[in-house]
Amino acid sequence: MKVCVIGTGRMGRRHIDAAKGLGFDVVGIFDPFKEAMELAVTGNSIPKENCYSDAVEMLNKLKPEGVVIASTAPSHAEHVIAAAKAGVKYIMCEKPMAVSMEECDQMISACKESVSVLGINHQMRFMDQYTEVKALCNTPDFGGILSVNVTSANFGLAMNGCHYFEMFRFITDEEISSVQFWADEQKVPNPRGPQYVDHSGQLRALTKSGKRLYIELGGDQGHGVQVVYGCKFGQIYVDELAGYMRAISRKSEFRDLPTTRYGMPADETIKKITPADVIGPTQSLWKAMLEKHNYPDGAAGRHALAALVAANVSGENQGSLTNIDLQLPHQRVFLWA
Ligand SMILES: NC(=O)c1ccc[n+]([C@@H]2O[C@H](COP(=O)([O-])OP(=O)(O)OC[C@H]3O[C@@H](n4cnc5c(N)ncnc54)[C@H](O)[C@@H]3O)[C@@H](O)[C@H]2O)c1
């Protein structure tokens, strides 16, 4: 398949590796920052003549079947819509999907009109860290997921929090209906430039049936991401960066006892699990898009973005409960990267 990559910064160059690894032909790249394209030429062996100075011209001339949008978020909508108009069949766009909900809707409708497959690179459902946990939660031994507790470091609400909204939706098979966020006073510096604004703090999200997601993303914390999945009969603990999992559930003969009978005999499993990675899961997302089956589409990206908007609104109102509904500011633009 002939593909183009728009935005060849750190993630764009990983996309080039992912595409090449799948046997795609990277026929064109575009980035307004010349040094970024030069790095792709030297680091990813892209021929110099495949570099373009105009994205639309590149798409119209090369007519690729696939495009990756790996620029920073403010230009995601512009490039997705241009790719759809140029008739590109498969469009993979980085997260966060856009910088406003209105842009998400415009992207979805442009792709619908051109019958383009739009995938948002929330890779969670292709990672063992989540697929194995989801399968385990749904076994009779664990009895179903009720809560997800993420203790992370200063990883940014928009930068990484939005991935966990999609992860929670994937694990619970339910959409987030409301969010509360208590923002730290100090903003999170974004490695992509001082023009971008992100937040640290503490977050709680709920689904309609009462499943809950908590994220500790305090700006005063250092390295690490640990997640505890709370189920009816046990807990699953994952150290995402180290690739370690511990699952413990009450033995079946004690399951009907009240939850207050702590320390009942339990079954425990400890195992290594594939640590967080970007390239492999991104390739899986491409394969799913090509099969047009089970990939995070525009609606999934939009849902994560709506939760992000709700969290920002809540953070501005001292953690007020903010519903994901039509009251959310639709046109408001956020300075995410
Ligand atoms: N899915 C993931 O796991 C994952 C991981 C890292 C980054 N990302 C996302 O990927 C995107 C890029 O992140 P990054 O780390 O590569 O940032 P980066 O700053 O290294 O690269 C971004 C590139 O986009 C280019 N760019 C800026 N404006 C542009 C425009 N109008 N058109 C085309 N290119 C433009 C910049 O010149 C830069 O080279 C971000 O949206 C980020 O959130 C996703």
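Just above, that's the structure.
Here is a short report on the structure shown in this document. Remember, predicted model here, so these are calculated numbers, not experimental data. (Residues numbered from 1 in each chain as written. Predicted model: local features only at pLDDT ≥ 70, side-chain atom pairs only at ≥ 80, totals over all residues.)

1. Examining the overall build of the chain
Then, number 1: Looking only at helices and strands, one finds nine helices and 15 strands in the chain.
Then, number 2: Against the 2.2 N^0.38 benchmark of 20 Å for 337 residues, the chain shows a C-alpha radius of gyration of 21 Å, consistent with a compact globule.
Then, number 3: In terms of its C-alpha atoms, the chain occupies a principal-axis envelope of roughly 70 × 45 × 40 Å.
Then, number 4: Looking at the chain residue by residue over its 337 residues, the buried ones come to 44%.
Then, number 5: Within the chain, residue pairs in contact and separated by at least 24 positions form 70% of the contacts whose partners lie at least 6 positions apart. (Helix = DSSP H or I, 4+ residues; strand = E, 2+ residues; numbered from the N terminus. Rg over C-alpha atoms; globule rule 2.2 N^0.38 Å. Buried ≥ 20, exposed ≤ 12 C-beta atoms within 10 Å, placed from the backbone. Contact = placed C-beta atoms within 7 Å.)

2. Observations concerning the environment of arginine 125
Then, number 1: Among the secondary structure elements, arginine 125 is positioned in the loop between β6 (117-120) and α6 (128-137).
Then, number 2: The class for arginine 125 is buried, based on 21 C-beta atoms found within 10 Å.
Then, number 3: Spatially, the C-alpha atom of arginine 125 lies 12 Å from that of phenylalanine 165, the residues being 40 residues apart in sequence.
Then, number 4: Apart from residues no more than four positions distant in its own chain, arginine 125 is found in contact with Tyr130, Thr131, Phe170 and Pro296.

3. Description of the sheet that holds strand β12 (residues 234-239)
Then, number 1: Strand order in the open sheet made by the nine strands is β14-β13-β12-β11-β7-β10-β9-β8-β15, with mixed pairing throughout. Strand pairing shows two members of the sheet lacking a second neighbour, β14 (266-272) and β15 (322-323), which therefore form its edges.
Then, number 2: Examined bridge by bridge, β12 and strand β13 (residues 244-250) share six bridges and lie antiparallel to one another. Each bridged residue has a counterpart across the sheet, and for tyrosine 237 the counterpart in β13 is arginine 246.
Then, number 3: Helix α7 (residues 157-172) contacts β7 (145-151), β8 (176-183), β9 (201-207) and β10 (212-217) of the sheet and is inclined by roughly 155° relative to β10. (Pairing = 2+ DSSP bridges. Axes fitted to C-alpha atoms, helices over the stretch in contact; angles between N-to-C directions.)

4. Topic: the nonpolar core
Then, number 1: One finds Val67, Val80, Ile91, Leu305, Ala307 and Leu308 to be the most contacted residues of the largest nonpolar core, which totals 99 residues.
Then, number 2: Shared between two domains, this core takes at least three residues from each, and those domains are domain 1 (2-120) and domain 2 (125-272).
Then, number 3: Ignoring anything within four residues of it in the chain, the contact list for isoleucine 91 reads Val67, Ile69, Val80, Ala83, Ala84, Cys111, Ser116, Val117 and Leu118. (Core = buried A, V, L, I, M, F, W, Y, C linked by C-beta atoms within 7 Å. Domains from an automatic or database assignment.)

5. Concerning α6
Then, number 1: If you check which residues of α6 are buried, you get Gln129, Tyr130, Val133 and Cys137. Looking straight down α6, one finds its buried side chains confined to an arc of 85°; they lie on one side.
Then, number 2: For α6, the elements touching its buried residues are β7, α7, β11 (226-231) and β12. (Arc of directions from axis to C-beta.)

6. Details of the environment of leucine 305
Then, number 1: Among the secondary structure elements, leucine 305 is positioned in helix α9 (residues 298-316).
Then, number 2: A sequence separation of 209 residues divides leucine 305 from proline 96, and the C-alpha atoms of the two residues are 6.7 Å apart.
Then, number 3: Residues in contact with leucine 305, not counting those within four places in the same chain, are Pro96, Met97, Ala98, Met101, Cys104 and Cys162.

7. What to know about helix α4 (residues 76-85)
Then, number 1: Of all 10 residues that make up α4, seven are buried, and the element is covered over most of its length.
Then, number 2: Restricting attention to buried positions, one finds in α4 the residues His76, Ala77, His79, Val80, Ala82, Ala83 and Ala84.
Then, number 3: The inward-facing, buried residues of α4 abut β1 (2-6), α3 (55-62), β4 (66-69), β5 (90-93), α5 (101-114) and β6.
Then, number 4: Just past α4, the residue glycine 87 takes up positive phi, approximately 80°.

8. Some points on the site of the ligand
Then, number 1: Gly9, Met11, Phe33, Ser71 and Ser75 are the nearest of the 22 residues found near the ligand.
Then, number 2: Sort the elements by how many residues they give to the shell around the ligand and helix α1 (residues 10-21) lands first, with three residues.
Then, number 3: For the shell around the ligand, the residue count by class is nine nonpolar, eight polar and five charged. (Near = placed C-beta within 6 Å. Nonpolar A, V, L, I, M, F, W, Y, C, P; charged D, E, K, R; others polar.)

9. Some details on the pairing of strand β2 (residues 25-30)
Then, number 1: Summarising burial for β2: five of the six residues are buried, a large majority.
Then, number 2: With respect to chirality, the unit in which β1 leads through α1 into the neighbouring parallel β2 is right-handed.
Then, number 3: Sheet analysis places β2 next to strand β3 (residues 51-52), joined by two bridges and oriented parallel. Considered in β3, the bridge of phenylalanine 30 is made with tyrosine 52.
Then, number 4: Handedness of the β2-helix α2 (residues 34-43)-β3 crossover: right-handed. (Right-handed = clockwise from strand over helix to strand, strands pointing away.)

10. Describing the packing of α4 against α5
Then, number 1: At a minimum axis separation of 8 Å, α4 and α5 run at an interaxial angle of 10°. Between α4 and α5, the crossing angle belongs to the class labelled roughly parallel. Contacts between α4 and α5 pair Ala77, Val80, Ile81, Ala84 and Lys85 from the former with Glu103, Gln106, Met107, Ala110, Cys111, Glu113 and Ser114 from the latter.
Then, number 2: Looking at the contact of α4 with α5 residue by residue, the class counts come to seven nonpolar, two polar and three charged. (Parallel < 35°, antiparallel > 145°, perpendicular 65-115°, else oblique.)

Remember, this is a structural readout, not a statement about activity or role.
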